[in-house]
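So the chains spell out like this:
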Amino acid sequence: MTAPSLSSPRLLLVIAYLGFISLGLPDTVIGVAWPSVRDTFGRQQSSVAVIFIGVGLSYFLSSFFTGRLLKMVGIGWLLAGSSLLVAASAAGYALTPWWALFAVCATFHGLGSGAIDAGLNHYVAHHFSARHMNWLHACYSLGATFGPLIMTAVLAGGNSWRAGYGTVAAILCGLALLFGLTRRKWDANEESVDEEKPAEVSMAATLRDPTVRLQIALFFFYTGLEATVGQWSFTLLTEGRNVPQEKAGVAVTIYWASIGVGRILFGWVVDRIGVDRLVRGSTVLAAAGTVLLALSASVWLSTVALALTGLGLAAIFPCLMTRTPQRLPPGMAAHAIGFQVSAAMLGVAALPSATGVCAERFGLASIASAAVLMAAAVWLLHESLLRMGRRRAR
């Protein structure tokens, strides 16, 4: 017997998992690095909105046009080039002496990450089961967990935040090399898929569907909540509650780890529980976690609150993605998923940015209050989605 070649779909799945780990790695570093970055460049608290908006809008654009890029250059070159772009943005963060260039790097970060996200979701959706899709997003959470941990270790060691971004850039360069070396294998596996495509529904008709519009709003608030808690909890704990950097960094790491561990565990049990029932319970748990975060005063309770919030958020995104084709006609689902990804990116850009403005005007305690409101919106929108589904089934 010969050893399995690198073109084996299972081996490429492993590389896809590594790709999603790297996708999460730079996304969460700014939450821990921001107080130091802000002081280095002499910026105000609300200036982080420039970073969130730059990443979010460019992410939106690249994911929106990924289908066209896949036809032009193929998935192999798309993954290799996009990961190299993200690596370059992390290196730019580490090296630039100017705030304006730091903000430009955020745009490159979003352009590369959006194409990786859409490209890998496209590949896994066409080649593997929903279970692997859940685990793919668990890998993102793993990367999102390591990001704050790396930056916290760098800062706790007395080093500059620039060294943290330099470490992330080195890891991303390795991933870009891996995608580059295997680019022909990705394209070969993609060309081997021969499936019958459903009749396509127009984008305008898809947008007119009330279920689609409801899901767009749900993804907007979900990702806004996830990003707000992840990006602002370190600042809330250290500057709002006088928690030491090391303990606050651990608490943020536990938050992201809870999302990743939850996705792995829920991937095993979702078929027994049922997707809708699992998401309903998850929205309640996430809301309870944000309320505890707003009310708690101790480090221990704040850490528990972040863990509960992360565990509640874990299953929502992948489960909603899994249910989208089931709630809509096949020809409509492709557009709807694209709209959902775009809405998710806008949520990541807009809601943490708005929270930063509130924190500057009303105090850091408003961060937790904003999270409670977002969690309530996620619960309400999902309940509305379930009721709409029941009406359609009659």
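Now for a quick tour of the structure. Fair warning: this is a prediction, and the values are worked out from it, not measured in the lab.

## Points about the nonpolar core
By size, the foremost hydrophobic cluster in this structure holds 104 residues, and its most contacted members are Phe-102, Trp-161, Tyr-165 and Trp-186. Not counting chain neighbours up to four residues away, the residues in contact with Trp-186 comprise Leu-12, Ile-15, Ala-16, Ile-75, Gly-76, Leu-79, Leu-120, Tyr-123 and Phe-179. Counting five residues, the second-largest nonpolar core is a separate cluster that includes Val-212, Leu-328, Ala-336 and Phe-339.

## Quick notes on the pattern of salt bridges
Tallied over the entire structure, the rule returns six salt bridges. Put simply, Glu-239 and Arg-38 hold a salt bridge, and the shortest N to O gap is 3.0 Å. Here Arg-38 lies in helix H2 (residues 29-41) and Glu-239 lies in helix H10 (residues 210-240), a separation of 201 residues in the sequence. For Glu-239, a relative accessible area of 34% corresponds to the partly exposed category. Two residues, Arg-327 and Asp-276, come together in a salt bridge whose shortest N-O distance is 3.1 Å. Residue Arg-327 is located in helix H14 (residues 316-327), and its partner Asp-276 is located in helix H12 (residues 275-295); the two are separated by 51 residues in the primary sequence. Judged by relative accessible area, Arg-327 falls into the buried class, the value being 15%. Asp-276 sits in the partly exposed class, given a relative accessible area of 26%.

## Some words on helix H13 (residues 299-314)
Compared with the 22 Å implied by 1.5 Å per residue over 16 residues, the 23 Å span of H13 between its first and last C-alpha is a close match. Check the buried side of H13 and you find it contacts H10, helix H11 (245-273), H12 and H14.

## As for the packing of aromatic side chains
Per the stated rule, a full pass over the model turns up 15 aromatic pairs. Where Tyr-93 meets Tyr-165, the ring centres are 4.9 Å apart and the plane angle is 50°; that geometry is what we call tilted. Of the two residues, Tyr-93 is situated in helix H4 (residues 66-95) and Tyr-165 in helix H7 (residues 161-181); the sequence distance between them amounts to 72 residues. The class of Tyr-93 is buried, set by a relative accessible area of 3%.

Basis of the calculations
Counting from 1, residues in each chain are numbered in the order their sequence is written. Confidence filtering applies because this is a predicted model: local features only for residues at pLDDT of at least 70, side-chain atom pairs given and counted only at 80 or more, and all residues used for totals across whole chains, interfaces and linings. For the side-chain quantities, the full set of heavy atoms in the structure was used; hydrogens and water were omitted. We define a nonpolar core as any set of buried Ala, Val, Leu, Ile, Met, Phe, Trp, Tyr and Cys residues linked to one another through side-chain atoms lying within 4.5 Å. Accessibility here uses a 1.4 Å probe with only protein chains present; expressed as a share of the type maximum, an area under 20% marks a residue as buried, one over 50% as exposed, and anything in between as partly exposed. The contact definition used throughout considers only heavy atoms, calling two residues in contact when any of these lie within 4.5 Å. Throughout this description, the term salt bridge denotes a Lys or Arg side-chain nitrogen within 4 Å of a carboxyl oxygen of Asp or Glu. Counting from the N terminus, the helices are DSSP H or I runs at least four residues long and the strands are E runs at least two residues long. Multiply 1.5 Å by the residue count of a helix minus one, and that product is the helix's expected span. Only the six-membered ring of Trp is used, alongside the rings of Phe and Tyr, when aromatic pairs are assigned; centres must lie within 6.5 Å, and planes under 30 degrees apart are stacked while those over 60 apart are edge-to-face, with the rest tilted.

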